[in-house]
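These are the residues of each chain, in order.
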Amino acid sequence: MTADPESDSDSEADPESKPDSDRDSTAGASGEYPSPCHDPKIVADLVARDRRTSGTALRAEGSGRSSTYREFITTSYKAGNVLRYLGVRAGEEVLIVPATRPETALAFFGAAQLGAVVRFADEIDGEPPRVVVAPAEREAEFDLPPGYRLIVYGDRPEAATTTHWETEVWSENPAVHPVEVDPSDPLLVDGARVPTHADALSVAVEFAENAGLGPGVEHVVRGSLADVDTVVSGLLAPILASGVIVFPE
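No experiment lies behind these values; they were computed from the predicted model shown.

A word on the packing of helix 1 (residues 69-85) against helix 2 (residues 102-113). Packing of helix 1 against helix 2 brings their axes to within 7 Å, and their N-to-C directions diverge by 65°. Once helix 1 is placed against helix 2, the crossing between them reads as right-handed. Contacts between helix 1 and helix 2 pair F72, T75, S76, Y77, A79, G80 and L83 from the former with A105, L106, A107, F109, G110, A111 and Q113 from the latter. Of the residues in the contact of helix 1 with helix 2, the class split is 9 nonpolar, 5 polar and no charged.

Okay, here's the thing in C-alpha cells:
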C-alpha cells in the first residue's frame, strides 16, 4: 500500500507528552480523558488529533480487548486510509456487519471521516456497497462483483481477493484524511432513514447529556448496530462525551 504523504510521523508533537497545563483533557481513574465535544459539526470532530489521550475509549467484554483514546483515534485514521485505498469515496456506501467487536466501531469512524455513508447490516440489499467489512467467519456470505471489495478481520481470508484487516490496518499510516465533509452530508442509512452528520450528532449530544455521560463514564451498547439509534447512542454519544464504548459479551 502506498504511503500517505500526510502521515503522522513520530517526530510530531505527541499530545500525551505535553505538560498537564497545556492539555485540554480531564484526568480519570483509568487514564486521562479529552474534554467532551459540546458542539461537534461532523464525526471527524470526535476523533481530532488533540483528543488522543491515555483514557480508555473502547472496551470489549467478550475478548477483553480495550483501546485508549490515542489508540482508538489513531487506528480510526488507519482504517479510513485502508478504506480509501480500497476505493471508498465521499457519498459511497460502506456496509459493516453489526458485530460487537472493536473493528466495527473503528471501521465506522474511519468511513465517516471519508464522507462515506455507512450501513450496518448482515447482508447486501440492493446495489452492492463499495466495501463490506465483516468478521472472517462471514467471508463466504459476501460475493461482490469486480470493483467492489471485502475486508475481513480475525482469521486470515480464504480468497486472495479479500483484504485482511489486521495486515492492512496495522501497517497503514495514521494520517488525517484530506477530505472535506459537510455537516449536511449523509452519515448512516437504515431503510428510509438517512441521517446526516448534523442530525446524528445533535441527537448524540442530547443523549449524552440526558444519560449523564462524561469523561471515563462507561456506556454499554444495547441492541443491534443495524438500528441507527443504537449507533448514535452506543458509538457516537460515548466518544463525544469522552466516555467509554463498552461492547458486551
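The 5 strands are arranged 6-5-7-8-9 in an open sheet whose pairing can be described as parallel. If you trace the sheet from one side to the other, it starts and ends with strand 6 (117-120) and strand 9 (163-164), each paired once. The pairing of strand 8 (residues 149-153) with strand 9 spans 2 bridges and is classified as parallel. By the bridge assignment for strand 9, I151 is matched with T163.

Let us look at the pattern of salt bridges. Taken as a whole, this structure holds 11 salt bridges when the rule is applied. In this structure, E92 engages R130 in a salt bridge whose closest nitrogen and oxygen atoms are separated by 3.1 Å. Here E92, found in the loop between helix 1 and strand 5 (93-96), pairs with R130, found in the loop between strand 6 and strand 7 (131-135); they are 38 residues apart in sequence, far enough to count as distant. Judged by its relative accessible area of 22%, E92 is partly exposed. Looking at R130, the relative accessible area reads 21%, which means it is partly exposed.

Basis of the calculations
- Residues numbered from 1 in each chain as written.
- Predicted model: local features only at pLDDT ≥ 70, side-chain atom pairs only at ≥ 80, totals over all residues.
- Heavy atoms only, no water.
- Axes fitted to C-alpha atoms, helices over the stretch in contact; angles between N-to-C directions.
- Helix = DSSP H or I, 4+ residues; strand = E, 2+ residues; numbered from the N terminus.
- Left-handed = near helix turned anticlockwise from the far one by under 90°.
- Contact = heavy atoms within 4.5 Å.
- Nonpolar A, V, L, I, M, F, W, Y, C, P; charged D, E, K, R; others polar.
- Pairing = 2+ DSSP bridges.
- Salt bridge = Lys/Arg side-chain N within 4 Å of Asp/Glu carboxyl O.
- Buried < 20%, exposed > 50% of the residue type's maximum accessible area, 1.4 Å probe, protein only.

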